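Breakdown of the fold
So the chains spell out like this:
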Amino acid sequence: MLGLVKQFCTSYPASTSFKLRLVLGVTISRRDGSNFHPTHRYRMHTAYFKHLPGESHCQIRFHLVAAQHRIDKVFNLNRSTDEPLEVCLERMRCNIDKELSKKSKRKGSKKEPAAVAPAPAEENVRTQPPSVASSPITVSIGTRKEQFSGITIAELLVRIDHEQDVFLTVLDDEFRIVCNSPEVHAVALPSSMLADFYVYPAKLELHFATVAQSEYRWYRGLMPASNNATQIQWEEVCRELTYLVRTSDIGYHLKFCCTPMGEERRVGPTTEIVATRPVQAGPGQCPFEVRHLFTPSKLPPDQFRVVSYNLLADYYTDSEYSRTVLFGYCLPYALEMDYRKQLLIKELLGYRGDILCLQEVDTKIFDCDLLPILGQKQFAGCHLPKRNTAEGLATFYDTGKFDFIEKNNVIVSEIMDQFPELWDKVCGNGPLVERIVKRSTALQLTLLRSRAANKYLLVANIHLYFHPDADHIRLLQFGFAMLHIRRVYERIRREHNLGEQALALLFCGDFNSVPECGIYRLMTEGYVGPEMADWQSNELEAVRNVSLAQSFPMASACGCPPFTNYTVGFAACIDYIFYQTDLLQVTDVIPMPSEEELNMYEAIPSPVFPSDHIALVANLKWNVQLGE
């Protein structure tokens, strides 16, 4: 019978099909902000019980279709697990009775003449129609052999786990109870969808299911003149979590469907959501797409591509000051994260990198965008938020080329006193100490093992303090970071019994420091003396009689391009990919965009540049040592 109904649905117009889908258990979508409400396709004659571990409530949901009572409604209850079963059943009866009363009143009101004067108060009481009054509401839970009574909801959940079949009976309908079925707990689509860019859920939270096991569908359809989304005729366009929107989709609305699946192929109700806004035309060719011409494919196993990129966190753009002053030159829509992240994802994927060191990564962007999308491309990664801030660092690596060994994440200001050789020289300067201790600068270390070379790579990722008068703060932060890295480096060599040629350092990030300053000199020359001008960048906090040294032979993989940050207020080279020169060598550097491209819209970010920084991209390989 179900097969015949499905065949009928696909053979007739959308309006007819929609009426039948209601009978099959689909609720009507409605507008809610930037999306229509998610719609859940519940299996008929199934009652869903949900109890999360540690919670004291149980959620109950079933879809009752009783034609003789004109009921077509999904009932939802949230009951305490300590509640007696009889109390829960009585609440169900009351809710169904209310629905019956509503239908009765509506039916009675249609029969009343519009111009008749009201009857006296004692006669102005309508009774229920005989059809309803004569149909008692029966609600029970049990097996085919017995009805349950005298137990709590918690005890019922135990019985459901142990019994083969437990049923909820409502009126004349019998619902098989399914406990903790896979479900889509929350889903949302982005407000902006651009042709030639990837689209995926802005939020997708599953319970008792996994993203990898679940099934997905994308559909497109044109909104009819009636502006009624339920009349859209849908055409399937994709069966993956992510959809690369086509130019031919411009003007179409997109619908996303998820069928959650969990262990042992358990399947939950399909949820669908329709985007309110249709697909829009993209910005045209972006400069990063020209750079993609130099990265048409992944590198061979003996090489790896490194990307370092400050994404410009939504945390710093979502304010009136950012929109009107800091990035006042950027068109408002191009500053919105829903727009920018489409460009960011396409740009990152197009570099076909193997190691991604990202800065200014919002926690939400990491969880909802980077992790699921890069995860589909066999990347793994972790996020390190700054202290008391919703943005931070993220490092990703290709699991096909590297094995993850360990991570070491620190807040720089929290480890300074572990290095008295430097800390004791500055701790007497009160204003300096107060300022540097308050900084939430994070350092992210990830130890990887190259599968092809069987060598280890210690990947460091950092974003140093930004203030214009803080060269001394940044240089000190970097000095402490290098001391920590050296300590971790030596520990790794001991614990893994590694020779001198088996562990290399890669240090990426937004250093907020131009090549003329002390950080670049320390990294490439190995020493900064007390005469360095950085120490005097703030007279009150000036650092005196301090020198820094580090023993790693390092160089900048991309050299010193004119700009890695390009705004109206500031434009310079402040981002670097530093690499250990005795163990690694650069095979190629992806060209940077021209200044003409950067100032196309005065500065960046812009409709074609999603960040105020430019991604650094370099290809590296291991040096071949004698005897290897």
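Residues numbered from 1 in each chain as written. Predicted model: local features only at pLDDT ≥ 70, side-chain atom pairs only at ≥ 80, totals over all residues. Heavy atoms only, no water.

A word on the overall build of the protein chain. For the protein chain, the helix and strand inventory stands at 15 helices and 33 strands. Across the 628 residues of the protein chain, 53% fall into the buried class. A separation of at least 24 residues holds for 70% of the contacts in the protein chain among residues at least 6 apart in sequence. Summed over its atoms, the accessible surface of the protein chain is roughly 28,800 Å², and 51% of this surface lies on carbon and sulfur atoms. (Helix = DSSP H or I, 4+ residues; strand = E, 2+ residues; numbered from the N terminus. Buried < 20%, exposed > 50% of the residue type's maximum accessible area, 1.4 Å probe, protein only. Contact = heavy atoms within 4.5 Å. Areas by Shrake-Rupley, 256 points an atom, 1.4 Å probe, with all protein chains shown as cover.)

Using the criterion set out here, one finds 32 salt bridges in the structure. Asp 403 serves as the salt-bridge partner of Arg 449, at 3.7 Å between the closest nitrogen and oxygen. With Arg 449 in strand S23 (residues 442–450) and Asp 403 in strand S22 (residues 402–411), this pair connects stretches of sequence that are 46 residues apart. For Arg 449, a relative accessible area of 26% corresponds to the partly exposed category. Notably, a salt bridge pairs Arg 435 with Asp 469, separated by 2.6 Å at the nearest N-O pair. Of the two residues, Arg 435 is situated in helix H12 (residues 430–437) and Asp 469 in the loop between strand S24 (456–463) and helix H13 (471–495); the sequence distance between them amounts to 34 residues. Each of Arg 220, Glu 235, Arg 246 and Asp 249 takes part in one network of salt bridges that share partners. (Salt bridge = Lys/Arg side-chain N within 4 Å of Asp/Glu carboxyl O.)

This part is about the sheet that holds S24. Across the sheet, six strands lie side by side as S22-S23-S24-S25-S31-S28; this open sheet has mixed pairing. Both edges of this open sheet fall to S22 and strand S28 (554–556), since each of them pairs with a single strand only. Averaged over all adjacent pairs, the angle separating strand axes in this sheet is 20 degrees, with direction ignored. Each of S22, S23, S24, strand S25 (503–510) and strand S31 (575–580) touches H13; the most contacted strand, S25, lies at about 155 degrees to it. (Pairing = 2+ DSSP bridges. Axes fitted to C-alpha atoms, helices over the stretch in contact; angles between N-to-C directions.)

Turning to the packing of H13 against helix H14 (residues 518–525), a few remarks are in order. The interhelical angle for the contact between H13 and H14, taken along N-to-C directions, is 30 degrees, at an axis separation of 9 Å. Between H13 and H14, the angle is such that the two are roughly parallel. Residues Arg 474, Leu 475, Phe 478 and Met 482 of H13 lie in contact with H14, whose contacting residues are Gly 518, Ile 519, Leu 522 and Met 523. Here the residues of the contact of H13 with H14 sort into six nonpolar, one polar and one charged. (Parallel < 35°, antiparallel > 145°, perpendicular 65-115°, else oblique. Nonpolar A, V, L, I, M, F, W, Y, C, P; charged D, E, K, R; others polar.)

This part is about the confidence of the model for the protein chain. Per-residue confidence for the protein chain gives a mean pLDDT of 88; residues scoring 70 or more make up 87%. Confidence over residues 1–34 falls short of pLDDT 50; this stretch has 50 contacts with residues more than four positions distant or in other chains. Segment residues 112–134: pLDDT under 50, and 11 contacts once partners within four positions in sequence are set aside and those in other chains are kept. (pLDDT = per-residue confidence, 0-100.)

This next bit is on the side chain of Gln 359. Residue placement: Gln 359 occurs in strand S19 (residues 355–362). On the accessibility criterion, Gln 359 (0% relative accessible area) is buried. A distance of 3.3 Å separates a polar atom in the side chain of Gln 359 from the backbone nitrogen of Asn 310. With residues near it in sequence (within four places) discarded, Gln 359 still touches Ser 308, Tyr 309, Asn 310, Leu 311, Gly 392, Leu 393, Asn 461, Ile 462, His 463, Gly 509, Asp 510 and Asp 575. (Polar contact = N/O pair within 3.5 Å; in protein donor to acceptor, adjacent residues only side chain to side chain.)

Describing an aromatic ring pair means giving the distance of the ring centres and the angle of the ring planes. A full pass over the atoms with the stated rule returns 24 aromatic pairs. Their ring planes at 55 degrees and their centres at 5.5 Å tell us that Phe 62 and Phe 175 sit as a pair that is tilted. Here the residue Phe 62 occupies a position in strand S5 (residues 57–66), and Phe 175 occupies one in strand S9 (residues 173–179), the gap between them amounting to 113 residues. Accessibility assignment for this pair places Phe 62 and Phe 175 in one class, buried. Consider the rings of Tyr 520 and Tyr 576, whose centres lie 5.5 Å apart with planes at 45 degrees: the pair is tilted. Pair noted here: Tyr 520 is in helix H14 and Tyr 576 is in strand S31, with a separation of 56 residues, a long-range link. Exposure remark for Tyr 520: the relative accessible area of 18% places this residue in the buried category. Judged by its relative accessible area of 1%, Tyr 576 is buried. Among the aromatic residues, those joined into a ring-pair cluster are Phe 478, Phe 507, Phe 511, Tyr 520, Tyr 576 and Phe 578. Over the face of the ring belonging to Phe 75 we find Lys 73, whose NZ or CZ atom lies 5.7 Å from the ring centre. (Phe/Tyr/Trp six-rings, centres within 6.5 Å; stacked < 30°, edge-to-face > 60°. Lys NZ or Arg CZ within 6 Å of the ring centre and 35° of its normal.)

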